[in-house]
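# Fold and geometry: a report
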Amino acid sequence: MSLEKILAISGKPGLYELKAQTRGGFVAESLADGKKISVNVRHNVSMLSEIAMYTYTEEVPLREVFQNISEKEDGKEAISHKESKNKLEEYFSEVLPEYDEDRVYASDIKKVFQWYNILAKAGKTDFSAPKEEEKVESSSEEE
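Residues numbered from 1 in each chain as written. Predicted model: local features only at pLDDT ≥ 70, side-chain atom pairs only at ≥ 80, totals over all residues. Heavy atoms only, no water.

### Notes on the packing of aromatic side chains
The final tally for this structure, using the stated rule, is six aromatic pairs. On the basis of an interplanar angle of 50° and a centroid distance of 6.0 Å, the ring pair of Phe66 and Tyr116 is categorised as tilted. Placement of Phe66 in helix α1 (residues 62-73) and of Tyr116 in helix α3 (residues 106-121) is noted, with a sequence separation of 50 residues between them. On the basis of an interplanar angle of 75° and a centroid distance of 5.0 Å, the ring pair of Phe92 and Tyr99 is categorised as edge-to-face. (Phe/Tyr/Trp six-rings, centres within 6.5 Å; stacked < 30°, edge-to-face > 60°. Helix = DSSP H or I, 4+ residues; strand = E, 2+ residues; numbered from the N terminus.)

### Remarks on the nonpolar core
In terms of nonpolar packing, the biggest core is built from 30 residues, with Leu48, Phe66, Ile69 and Phe92 touching the most fellow members. Elements that contribute at least two residues to this core include exactly β1 (6-9), α1, α2 (85-95) and α3. Looking at this core element by element, the count peaks at eight residues for α3. The residues touching Phe66, leaving out its near neighbours within four places in the chain, are Leu3, Leu48, Val112, Trp115, Tyr116, Leu119 and Phe127. One finds Leu7, Tyr16, Phe26 and Ala28 within the second-largest nonpolar core, a separate group that totals six residues. (Core = buried A, V, L, I, M, F, W, Y, C linked by side-chain atoms within 4.5 Å. Buried < 20%, exposed > 50% of the residue type's maximum accessible area, 1.4 Å probe, protein only. Contact = heavy atoms within 4.5 Å.)

### Description of the sheet that holds strand β4 (residues 36-40)
If you walk across this open sheet you meet the five strands as β4-β3-β2-β1-β5, and the pairing is antiparallel. Single-partner strands in this sheet number two, and they are β4 and β5 (45-47). Across this sheet, the average inter-strand angle for adjacent strands is 45°, counted without regard to direction. Pairing between β1 and β5: three bridges, direction antiparallel. Bridge assignment links Leu7 to a residue of β5, and that residue is Met47. (Pairing = 2+ DSSP bridges. Axes fitted to C-alpha atoms, helices over the stretch in contact; angles between N-to-C directions.)

### Side note on the confidence of the model for the protein chain
Here the protein chain averages 87 in pLDDT, while 90% of its residues score no lower than 70. Per-element confidence in the protein chain ranges from a low mean pLDDT of 45 for helix α4 (residues 132-142) to a high of 95 for strand β6 (residues 52-54). Considering only residues more than four positions removed or in separate chains, one finds that residues 133-143, a stretch of pLDDT under 50, has one contact. (pLDDT = per-residue confidence, 0-100.)

### Here we look at the packing of α1 against α2
The contact between α1 and α2 brings their axes to 9 Å, and the two run at 100°. With respect to each other, α1 and α2 are oriented roughly perpendicular. Only Tyr91, Phe92, Glu94 and Val95 of α2 make contact with α1, whose side of the interface consists of Val65, Asn68, Ile69, Lys72 and Glu73. Its residues assigned to classes, the contact of α1 with α2 shows five nonpolar, one polar and three charged. (Parallel < 35°, antiparallel > 145°, perpendicular 65-115°, else oblique. Nonpolar A, V, L, I, M, F, W, Y, C, P; charged D, E, K, R; others polar.)

### Side note on α1
Since one α-helical turn is 3.6 residues long, residues separated by three or four positions face the same way. Counted at 1.5 Å a residue, the expected span for α1 with its twelve residues is 16 Å, and the 16 Å between its end C-alpha atoms agrees. Listing the buried residues of α1 in full gives Leu62, Val65, Phe66, Ile69 and Ser70. Across the axial projection of α1, the buried residues extend over an arc of 140°, all falling on one side. In the core, the buried residues of α1 are packed alongside β6, β7 (59-61), α2 and α3. In the stretch just after α1, Asp74 is the one whose phi turns positive, near 55°. (Expected span 1.5 Å × (residues − 1). Arc of directions from axis to C-beta.)

Given below as structure tokens:
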């Protein structure tokens, strides 16, 4: 499972998996409770595969940060996002040592851990990059 179909929807708690497109938006399923919701185009939606964290040298894709947390925690849940700011920042600097402390806020770090724990609970801990060759091969086989 990659993060290609995992969404964060503003105004809605948790993470959602894209299930189907509709005329005015799409249908998403909550990773927490499995409930399906209809989301229209007015909602601000972020795909986790498009999010990156600032470091002093480059932007690191969120999936790489999740992969680092997963390796550190052996695929299990990480520190709670409700821990103190100092504990969260200390832990985050272990999984992403070069993060830009001026541009990555405590609220961003909380969200990373909250999202990671939601994904871990849902059993979605394969954060490897989508393979371009497989996408090309599967599309040419379908033709």
